[in-house]
Amino acid sequence: MLLSLGGLLVAAALIIFTAVAWRNMGNGGRAAVLSLVTILLLAVPFPFKRFKLWATAETFGALGALALWCTTLAGYYLYRPPGTDFGPDTVAAWTAGVLAVLAAYRGVSRLSATSWAMLPLAAVGASYAAASGLGLAVVLMLTIALALGLAAWLTARFPGRFTRSDLWASRLLTCAAVVVACSAGLRAAFGLDDPVVPTAAAIVALLAAANLVGIGFARRLRVTGTPMLIAASAAGSLVLCAWTLAIRSGSPELVVPSLALLVAAVIPLATFGSRDDTWAFTLAQAAGLASLAAFAAVAFDAPDLSAYFAAFLIARLAAPLLGDPLGGPLKLASYLTGAGTALAASVTAITGIGVLWSGDAPSGLFTWEVPIVLVALGFASVLLPARFRAEGRRWR
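This section reports on the structure supplied with the text. Remember, predicted model here, so these are calculated numbers, not experimental data.

About the criteria used
Residues numbered from 1 in each chain as written. Predicted model: local features only at pLDDT ≥ 70, side-chain atom pairs only at ≥ 80, totals over all residues. Heavy atoms only, no water. Helix = DSSP H or I, 4+ residues; strand = E, 2+ residues; numbered from the N terminus. Contact = heavy atoms within 4.5 Å. Areas by Shrake-Rupley, 256 points an atom, 1.4 Å probe, with all protein chains shown as cover. Patch = residues over 30% accessible without salt bridge, like charges linked within 9 Å, V, L, I, M, F, W, Y side chains within 5 Å. Salt bridge = Lys/Arg side-chain N within 4 Å of Asp/Glu carboxyl O. Expected span 1.5 Å × (residues − 1). Buried < 20%, exposed > 50% of the residue type's maximum accessible area, 1.4 Å probe, protein only. Phe/Tyr/Trp six-rings, centres within 6.5 Å; stacked < 30°, edge-to-face > 60°. Lys NZ or Arg CZ within 6 Å of the ring centre and 35° of its normal. Core = buried A, V, L, I, M, F, W, Y, C linked by side-chain atoms within 4.5 Å. 1 Å grid on protein atoms, 1.4 Å probe; cavity = no way out; pocket = protein on both sides within 12 Å on 5 of 7 lines; lining within 4 Å. Points joined across faces, edges and corners; volume = space filled by probe spheres on them. Nonpolar A, V, L, I, M, F, W, Y, C, P; charged D, E, K, R; others polar. Disulfide = S-S within 2.5 Å.

Considering the overall build of the chain
Here is step 1 of the chain: When you go through the chain residue by residue, the secondary structure sums to 15 helices and zero strands.
Here is step 2 of the chain: Within the chain, contacts between residues separated by at least 24 positions form 72% of all contacts whose residues are at least 6 apart in sequence.
Here is step 3 of the chain: When the accessible area of the chain is evaluated, it comes to approximately 21100 Å², of which 72% is carbon and sulfur surface.

Structure below.
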């Protein structure tokens, strides 16, 4: 700890000296001070490691990573071509380049602190990239994600002195790469024209549900560690994307899958550590069925109740063919979908009959689809388990 504090004091002294002398220097002097300080911070960890001063080496490794980012941006600001703008895309582009250099530096130096320092830099770079134009924003965000993925691989492949820290750094770098890549997709979705936003929202909801199903499947296989963190990062990002796109689209067909995704994402967190994940797995598959029905409604203009009935029927007939561990929860998810469809159709029918009885015009929900779906659900009731069927009595 004392060596770490010593490194921080040296760095603070350099920063204060630069800040005080900054006004009295020209551009050449400023660039020279910044370059020398950065080179010093990046170089001194190697002799410190040789003398086994691990904490000081790690401290200067993190400070060198931050100094490289500051020096790069400051150097470009001082010597940028006349007429060029210093906007968000500039900061994001230089940050992506710095992250790529730091990934290579991490592989050579094997400093755990360098990997950790890349996380806040990536957050800043991705934020500025998102504020850029659509095409450039997606390219920059994917580049940042690629640099983070490379750093995660190098951190895991070439661990340093602190192997436990490197393990978690590689995991979080991988999760950050997944989140940034998903955010790039969300940024691309924000640039879509309004007519295709509901379809894109339904597709993202379907992908989010599939990812939640994958997490449930991985939990059943007792998968832990890095794969679960990656899957959870992707699932959280996709659920957030689905909600954002659903709100932007303003389509009422996406309300049910959005709520189903929220429940399916919260239940695994609430039951974390429990060995019984049947309901979490089932709700994830139910969210997938709801997203599939919503996709049919917004993309092909299918009637809502008919789409949900079709999703229930397909899932119920496919469940016995899949077997364990997918078949059982999928059958239960199909029952939830069918029950919700029957409840919605029944409430609509009862409300419509009451409106017709009073002589008023029926609402837009009360159409010929409602009795057709109710009759179809009546015939499909033979697919329910025997204990849930209403058996008629024989009259003699």
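Describing a nonpolar patch on the surface
Here is step 1 of the chain: Residues W116, L167, W168 and L172 make up a contiguous nonpolar surface patch of about 310 Å² in total accessible area.
Here is step 2 of the chain: A total of three residues in the nonpolar patch trace back to one element, the largest contributor, which is helix α8 (residues 163-190).
Here is step 3 of the chain: Positionally, L172 belongs in helix α8.

Digging into helix α7 (residues 134-157)
Here is step 1 of the chain: With 24 residues, α7 extends 35 Å between its outermost C-alpha atoms, agreeing within 8% with the 34 Å of an ideal straight helix rising 1.5 Å per residue.
Here is step 2 of the chain: Turning to α7, its buried residues number three or more, namely A137, V138, L140, M141, I144, A145, A147, L148, A151, A152, L154 and T155.
Here is step 3 of the chain: The elements touched by buried residues of α7 are α5 (88-109), α6 (112-130) and α8.

Looking at the pattern of salt bridges
Here is step 1 of the chain: With the rule as written, the count across this model stands at one salt bridge.
Here is step 2 of the chain: Ionic pairing is found between R106 and D166, a salt bridge with its closest N-O pair at 3.2 Å. Of the two residues, R106 is situated in helix α5 and D166 in helix α8; the sequence distance between them amounts to 60 residues.

A short note on the packing of aromatic side chains
Here is step 1 of the chain: Tallied over the full model, the rule gives seven aromatic pairs.
Here is step 2 of the chain: Aromatic side chains Y76 and W94 sit 5.5 Å apart centroid to centroid with 45 degrees between the ring planes, which places their arrangement in the tilted category. One end of the pair, Y76, is in helix α4 (residues 54-79); the other, W94, is in helix α5, and 18 residues separate them in sequence.
Here is step 3 of the chain: Classification of W94 by relative accessible area gives partly exposed; the value is 36%.
Here is step 4 of the chain: With a centroid separation of 5.8 Å and 85 degrees between ring planes, the pair formed by F295 and F300 is classed as edge-to-face.
Here is step 5 of the chain: Chaining the aromatic ring pairs together yields one cluster made of Y76, Y77, F86 and W94.
Here is step 6 of the chain: For R171, the ring lying beneath its charged end belongs to W168, and the centroid distance is 4.8 Å.

A look at the environment of L332
Here is step 1 of the chain: Along the polypeptide, L332 turns up in helix α14 (residues 327-357).
Here is step 2 of the chain: Measuring from C-alpha to C-alpha, the distance between L332 and T278 comes to 9.7 Å, with 54 residues separating the pair along the chain.
Here is step 3 of the chain: Apart from residues no more than four positions distant in its own chain, L332 is found in contact with W279 and T282.

What about the nonpolar core?
Here is step 1 of the chain: Ranked by internal contacts, the top residues of the largest apolar core, which has 33 residues, are V204, L212, L245, L254, L261 and A264.
Here is step 2 of the chain: Contributions of two or more residues to this core are made by α8, α9 (197-220), α10 (226-249), α11 (255-270) and α12 (278-300).
Here is step 3 of the chain: For L261, the residues in contact, after removing those within four places along its chain, are A205, A208, A209, L212, A242 and A287.
Here is step 4 of the chain: With 31 residues, the next largest nonpolar core counts W69, L121, L148 and A151 among its residues.

Some thoughts on the environment of R316
Here is step 1 of the chain: One can find R316 in helix α13 (residues 304-322).
Here is step 2 of the chain: Judged by relative accessible area, which is 12%, R316 ranks as buried.

Focus on empty space enclosed by the protein
Here is step 1 of the chain: Scanning the model with the defined rule gives two cavities of 30 Å³ or more in all.
Here is step 2 of the chain: One number sums up the size of the second largest cavity: a volume of about 30 Å³.
Here is step 3 of the chain: As for the second largest cavity, its lining consists of K49, W54, E58, R110, L111, R161 and F162.
Here is step 4 of the chain: When its residues are assigned to classes, the lining of the second largest cavity shows three nonpolar, no polar and four charged.

Things to note about unusual backbone geometry
Here is step 1 of the chain: Located in the positive-phi region is K52, a residue other than glycine, with phi close to 60 degrees.
Here is step 2 of the chain: In this fold, K52 is placed in the loop between α3 (45-50) and α4.
Here is step 3 of the chain: The phi angle at R110 is positive, at roughly 55 degrees, despite the residue not being glycine.
Here is step 4 of the chain: If you trace the backbone, R110 turns up in the loop between α5 and α6.

Comments concerning the state of the cysteines
Here is step 1 of the chain: Applying the stated criterion across every chain, the model contains zero disulfides.
Here is step 2 of the chain: Its sulfur unpaired, C241 is 6.1 Å from the next cysteine sulfur, which belongs to C182.
Here is step 3 of the chain: Its relative accessible area of 6% is what places C241 among the buried residues.

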